[in-house]
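Breakdown of the fold
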Amino acid sequence: MAYLRIVTLLGAAVMAPPLAAAQAVEAPWVAEARQVGMSVPPKLLAVLQAEIARGGAEGAIEVCRVQAPELARAASQESGWSVRRVSLRNRNPKAVPDAWERAGLEDFDRRAAAGEAPAKLELAAVVSVDGKPVQRYLRALPTLELCTQCHGPADKLSPAVVAQLKALYPDDRATGYKVGDIRGAMTLSRPAP
């Protein structure tokens, strides 16, 4: 289990390094956020696998474009958390990280480069937003083999995928990944009680 440092901040969000396992104390809301954050990717993966099997990777781009936000909305409605995906190299213009998410993603990249398993990278904090405490959770989304069909090196993408990306995402920045790279993160937030 990855341990998190939970910090309460009264101003701008500041990253805190993970605590040693012996020091870590996990708040119950972190386990809840983790469960919600881990529930969306497998659902999207199943839909993408089915679409790729039926019509190839180019068809999966449209499915991902529509289904991923729908799955996040459904998770938000079911859980009470605000759920979405973000990336430092986003494809969807709505997936741009805020300052806290950006700092977390950059920290994930450093930690992965130092040898931590990308699939276990997460961050939780209570931050102040407009003077009110907000619970925030971020979980890394590592690139899987399946993902490289649309997110891999540009010279390895099929012509049909390239055409679909140009049509749907003219400002796409989400290619060039290899298996294991951190492609982005699930991000959750809600007002603290």
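An account of the accompanying structure is given in this report. (Residues numbered from 1 in each chain as written. Predicted model: local features only at pLDDT ≥ 70, side-chain atom pairs only at ≥ 80, totals over all residues. Heavy atoms only, no water.)

So, helix α1 (residues 28-55)
Compared with the 40 Å implied by 1.5 Å per residue over 28 residues, the 42 Å span of α1 between its first and last C-alpha is a close match. Listed as buried for α1 are W29, V30, A33, R34, V36, G37, V40, L44, L48, E51 and I52. Its buried side turned inward, α1 meets α2 (57-79), β1 (82-86), β2 (122-129), β3 (132-142), α4 (148-151) and β4 (182-191). Just past α1, the residue G56 takes up positive phi, approximately 90 degrees. (Helix = DSSP H or I, 4+ residues; strand = E, 2+ residues; numbered from the N terminus. Expected span 1.5 Å × (residues − 1). Buried < 20%, exposed > 50% of the residue type's maximum accessible area, 1.4 Å probe, protein only. Contact = heavy atoms within 4.5 Å.)

Describing the pairing of β4
Most of β4 is tucked away, with eight of its 10 residues classed as buried. The pairing of β1 with β4 spans five bridges and is classified as antiparallel. Each bridged residue has a counterpart across the sheet, and for V83 the counterpart in β4 is L188. Bridge analysis of β3 against β4 gives nine bridges, and the strand direction is antiparallel. Pairing of V134 across the sheet is with P191, part of β4. (Pairing = 2+ DSSP bridges.)

Thoughts on the state of the cysteines
What is meant by a disulfide is a covalent connection between two cysteines, made through their sulfur atoms. Scanning all chains against the criterion turns up zero disulfides. Take C147: it sits in no disulfide, and the sulfur closest to it among the cysteines is that of C64, at 8.4 Å. Owing to a relative accessible area of 12%, C147 belongs among the buried residues under this scheme. No disulfide involves C150; its nearest neighbouring cysteine sulfur is the one of C64, lying 7.8 Å away. The exposure class of C150 is buried, given its relative accessible area of 9%. (Disulfide = S-S within 2.5 Å.)

As for the pairing of β2
Among the eight residues of β2, seven are classified as buried, and the element is accordingly described as predominantly covered. Between the antiparallel neighbours β2 and β3 lie two residues, among them D130 with a positive phi of about 55 degrees.

With respect to the packing of aromatic side chains
For any two aromatic rings, the description comes down to two numbers: the centre-to-centre distance and the angle of the planes. Applying the stated criterion across every chain, the model contains one aromatic pair. Considering the side-chain rings of W29 and W81, the 6.0 Å spacing of their centres and the 35 degrees angle between planes classify their relative orientation as tilted. Here W29, found in helix α1, pairs with W81, found in the loop between α2 and β1; they are 52 residues apart in sequence, far enough to count as distant. Residue W29 shares its accessibility class with W81, and that shared class is buried. Sitting over the ring of Y177, R89 keeps its end group 3.9 Å from the ring centre. (Phe/Tyr/Trp six-rings, centres within 6.5 Å; stacked < 30°, edge-to-face > 60°. Lys NZ or Arg CZ within 6 Å of the ring centre and 35° of its normal.)

Side note on the packing of α2 against helix α5 (residues 159-168)
Interaxial distance between α2 and α5 falls to 8 Å at its minimum, and their mutual angle equals 30 degrees. When the interaxial angle is binned, α2 and α5 end up roughly parallel. Each of A57, E58, I61, E62 and R65 in α2 lies in contact with α5, whose residues at this interface are A160, V161, Q164, L165 and L168. For the contact of α2 with α5, the class distribution of residues is six nonpolar, one polar and three charged. (Axes fitted to C-alpha atoms, helices over the stretch in contact; angles between N-to-C directions. Parallel < 35°, antiparallel > 145°, perpendicular 65-115°, else oblique. Nonpolar A, V, L, I, M, F, W, Y, C, P; charged D, E, K, R; others polar.)

A look at the nonpolar core
Membership of the largest hydrophobic core comes to 25 residues, with the highest contact counts inside it found for W29, L48, W81, V83 and L188. With eight residues, α1 is the largest single contributor of residues to this core. Setting aside anything within four residues of it in sequence, one finds L48 in contact with A60, V63, C64 and L146. L88, W100, L105 and L138 belong to the second-largest nonpolar core, a separate cluster that totals 14 residues. (Core = buried A, V, L, I, M, F, W, Y, C linked by side-chain atoms within 4.5 Å.)

Describing the pattern of salt bridges
Counting across every chain of the model gives 15 salt bridges. The salt bridge partner of K178 is D181, with a shortest N-O separation of 3.0 Å. One network of salt bridges, in which partners are shared, links E26, R34, E122 and R139. (Salt bridge = Lys/Arg side-chain N within 4 Å of Asp/Glu carboxyl O.)

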